[in-house]
Amino acid sequence: MAGRVSELVLRSTHITDTGTYTCTASNTHGSLTADFHLLLQDVPASPSGLTVGEEGSRHLTLSWTPPEDSNAPITAYIISFDAQHSLMVGSAREVTVEGDQKKVRLEGLQPATTYTLTVVAENRVGRSQPSPPLTASTHEEPPTGHPQNVVVVPVSSTGLQVTWEPPPDNLTHGTILGYYLGFKDDSEGEAGAYNFTTVGGDGAGGTTATLSGLRPHASYSVVLQAFNSRGAGPGSPPTHATTLEDKPSAPPGHVTCESVTSTSLVVTWSPPPPRARNGIITNYRLSYTLHPPHGGGEGGSVMQDGQRATLDSLTPWTNYSVTVAAFTRAGQGVSSPAVICTTEQDVPEAPARVKAVVSGPRGAVVSWAPPSRPHGRISRYTVHWQPAGGRGGPHSRRVEPNLTHLSLHDLSHTTHQVWVTASTRMGEGPASPVTLVKPTHTVPAGVWSVGGNLTAAWKEDMSLACGAVGVPEPTLIWTHLRNVISDNHERFKKQPDGTLTLADIQRSDSGDYVCTATNNHGVDTVIYNLTVLVPPSAPSLHVTETTASSIRVQWSVEDTGGAPLQGATLHYRSEGGEWMTEEVGGEHRSYTATGLRCGTLHHFYLTAYNYIGTSAASRTEPARTKGRAPEAPPQFQFVTTNSSQATLYLAQWGDGGCPITHFSVQYRKADSRHWTTVGSEVPPARTYAVGGLEAGVRYEMRVTAHNAAGATPEHYSLTTPGLGLAGVGAGMGGTGWGGAPSSAPVWRDPRVLVPAAVSALALLLTVTTVCVCIRKRPQSSAGQEGGGDTVPADEDKSALQAREEQQGQYTTVRRPAPTPPQHHHHHHPHPADTTGDYSEEELYPYATATFQMSGGSPPPPAPPSPPTHGHHPQPRAQKAFTALVYQAPSLHDVDSPNLSERERDAKRGVARGYTYQPTETEDYGSVLEPTPDPRCPPHHRRPPRHLRTRPPAACASPKAPHRPLHHHHHHHHKAPQQHTLRLARHSRSPAATRRLSEGSTSIRDLPSDAECDLHW
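All of these numbers come straight from a predicted model, not from anything done at the bench.

Quick notes on the rules
Residues numbered from 1 in each chain as written. Predicted model: local features only at pLDDT ≥ 70, side-chain atom pairs only at ≥ 80, totals over all residues. Heavy atoms only, no water. Pairing = 2+ DSSP bridges. Helix = DSSP H or I, 4+ residues; strand = E, 2+ residues; numbered from the N terminus. Axes fitted to C-alpha atoms, helices over the stretch in contact; angles between N-to-C directions. Buried < 20%, exposed > 50% of the residue type's maximum accessible area, 1.4 Å probe, protein only. Disulfide = S-S within 2.5 Å. Patch = residues over 30% accessible without salt bridge, like charges linked within 9 Å, V, L, I, M, F, W, Y side chains within 5 Å. Areas by Shrake-Rupley, 256 points an atom, 1.4 Å probe, with all protein chains shown as cover. Salt bridge = Lys/Arg side-chain N within 4 Å of Asp/Glu carboxyl O.

## Quick look at the sheet that holds strand 11 (residues 148-154)
(1) Moving on: Pairing within the open sheet is antiparallel, and its 3 strands lie in the order 11-12-15. Looking at the sheet topology across the chains shown, the edges are occupied by strand 11 and strand 15 (207-211). Neighbour-to-neighbour, the strand axes of this sheet turn through a mean angle of 20 degrees, independent of strand direction.
(2) Moving on: Direction of pairing for strand 12 (residues 160-165) relative to strand 15: antiparallel, over a ladder of 5 bridges.

## Some words on the pairing of strand 50 (residues 601-610)
(1) Moving on: The buried fraction of strand 50 amounts to 7 of the 10 residues, a majority that puts the element mostly inside the structure.
(2) Moving on: Note that strand 47 (residues 565-574) and strand 50 share 9 bridges and pair antiparallel. Within the sheet, the bridge partner assigned to glycine 567 lies in strand 50 and is tyrosine 609.
(3) Moving on: As paired elements, strand 50 and strand 51 (residues 621-624) share 4 bridges and run antiparallel to each other. Counterpart to histidine 603 in the pairing with strand 51 is proline 622.

## Quick look at the state of the cysteines
(1) Moving on: Per the counting criterion, the structure on display carries 3 disulfides.
(2) Moving on: Between the sulfur atoms of cysteine 257 and its disulfide partner cysteine 341 the distance amounts to 1.6 Å. Here the S-S torsion is close to -110 degrees, and the disulfide linking cysteine 257 with cysteine 341 is therefore left-handed. Taken as a pair, cysteine 257 in strand 19 (residues 253-261) and cysteine 341 in strand 26 (residues 339-342) lie far apart in primary sequence, 84 residues in all.
(3) Moving on: Overall, the relative accessible area of 1% leaves cysteine 341 in the buried class.
(4) Moving on: A sulfur-sulfur separation of 1.8 Å characterises the disulfide bridge that pairs cysteine 466 with cysteine 515. As the torsion about the S-S bond is roughly -80 degrees, the cysteine 466-cysteine 515 disulfide counts as left-handed. Here cysteine 466, found in the loop between strand 37 (462-464) and strand 38 (468-469), pairs with cysteine 515, found in strand 43 (residues 511-519); they are 49 residues apart in sequence, far enough to count as distant.
(5) Moving on: Sequence-ordered numbering of the bonded cysteines in the protein chain yields a pairing of 1-2, 3-4, 5-6.

## Focus on a nonpolar patch on the surface
(1) Moving on: Among the surface-exposed residues, Val151, Val153 and Val155 lie close enough to one another that they form a single nonpolar patch of about 210 Å² accessible area.
(2) Moving on: Within the fold, valine 155 resides in the loop between strand 11 and strand 12.
(3) Moving on: For valine 155, a relative accessible area of 44% translates into the label partly exposed.

Here it is as structure tokens:
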């Protein structure tokens, strides 16, 4: 009795292939059907819809959507989260929750950290592929670390340079927006409070700031605090530094002087106040000059280490102007106010220009000029005379100190010698040179006024005496520069006693004035050389040097007015400001005005003065300090955006040479007319964040930078990217002032289009490569060639009865889960087992199969399986194809002994009536090794096809559960067909083999994807 084997092959199985498959065998005697219930289980699909609901600085709440049913309940979800840019290897963490959970709260996260979140679903079969990753960031927290490596060095007498490094990255807990720089004077002790100022920082590498306006040579404590959007962190330990020395800013105090002798003075003083010394006092300079300076006397200076000095070789009874200045290593400080010191009196010098003229037969008039150096207050003059030749004793007469002439009477008609002395309280001085006089009966004209060099101040009144004697009375004539002065001169008047009065004298009145006395007996003259002192002429002023904060001017005075310059007054102001003045000493001819506004126009003029008066003002000179208004950067350097914030890089502004004082920031939507002011006094910093923006909206930004030279406004246009394009579109379509905004959508921006195109091209190439590889894989061989084998008629009836009593059986197939890439399990195939047995290495422990022959009852639920947390399935990228070959049990008229005999024949490679040709399914064996039936039509040898494709004419397809599969076979023997359920491995991939033997069920698995071939 001949039989026939039919196979139904399901390739690339899917869970949708679950169902009941019916095989119908028929011949002329009738038909018989068998139902096969297939329940295909798979690893879950990836969870989807990952969203973060609650965000904190240390936690995130993650929720997701469970995957579709894969015929096995989800037992757990494994949430993996890894910090981006983490330097720690294996820093990813996992949290496992029950399979009925749909969200989890992730604790113990780091603040201000971006995490990549994935969720993997797990069931009894294995783990799903990870969900698409979701990135989420925790909120910021105030830093918990202080700035590192704080170094403070002095850069000037009033400035300290502070350098530091940011806190460790794991302690910043956010983006460092800046630093609070605190400093205090150590002289204030513990009670002193820190003064804080805000400085910027780039957050990467070292940062530098300069403290200015400090006291010279003072010790300071400096601390730093980093701050982010959530607040400030702890302060760094105090760092101490001392500013450089400077010149003393205050003069020595308590300057006193005492006259020791007529030629020496002792000067004492005290140091400047401690806070004004600005360093260590090294010595003092004591300077002295005659007072008033127009006397042209001596002056000088001495250096002294202590606080006392003696000035020697001075002029007696002379006023000296004394000043004291302290020195540090930085130079000379401020001089003390001048103290007028006077030396002691001494005996005077002799009176000058003694003159004697005859006034009568026995009389004469003696006159003189005061001593040029009286060395004290003149208390009296003494006139001495005696006959020449020693014929009489000397005579003398005292004269009041306010008189400079004396009339002598009762003189003999002989020649007399006359001389004069002056006295002070210190005694009588030396005698003047001797002059001779001889009285006569005729009295020629004589002028007893002595004349001499006279100095007068401009616009003062002055009198020139012309005392004359003679008989008859002489006639007096005054001349100036040889020009006779008329009686009706508007400013010169002749007095009855011969005195010439000059009123409101001018510079042109200088010169020689001669008074001539004339009578019948003689002529006499007296000459005055008058010098009129006037204020200096107007200085010539010019600018020689400019910086950002100073202007240097120089000047010259062509005419000092006949007197030494005592000083000059410089007047200056900034454009539109108030006039300021600076006093400059008479010995200086230049001055540098400091502390000026940068990039600002200033005006200067100068007046010089001597003790007579002040000159006319010089011409006003304009000068501009260096620097200009701030310079705006281009948009691509200045602004970046994300979906809710614009970051302004303020440090990109050029200061124009003048430090930027502050910024004002405004913005508005492109379709709005109202500006929103973010800050009007934004201090200079590296960056400034404008938050609260809307995603995908075009904005206009107006930023104005201010410095001393002016203000520069600049407009920027920007578009915030959409939520899916964070970081893209910063400054998109930006224009300058008045620029028209671009209307191009975001997706046309090259920064969006180019990455998208590259990604699409890469995906296309990947798909194409996969398809080509699949097409080139060898196809599975068809079913066994040849006709069926002859089945003996004497089949064991008891075995047939046992098979008929079996209930309908169900088959459950699980698709093995993928294995993570880091775990590789190498499986080595074994030679074909002709008995149908397999080594234990080839068994897949998690797959089970049961078979029941029933009338189409639905498949029972899958039995529970051990948890698979410790199992390492293959990833889907390494999928294998599993062919499941079901060989149906024989019909009622097929006996078991004949089947076993045919199996033995097949193992030997021979069959009754034909040569056995093995197929690919021999690699794993089967319960019954079928032999090819030469009577099978050729089209039965076509390769098996997937259930979802149209099957060959000789094979059935599962159109619906319990629907019979009709097979039409041609047989030489009209015995029912024999059907064997078996598993076959295809050469293109590993396969899992299921074997069902008569009266028993056994499952053979290999770790591969479940490709089910049902061969009938």
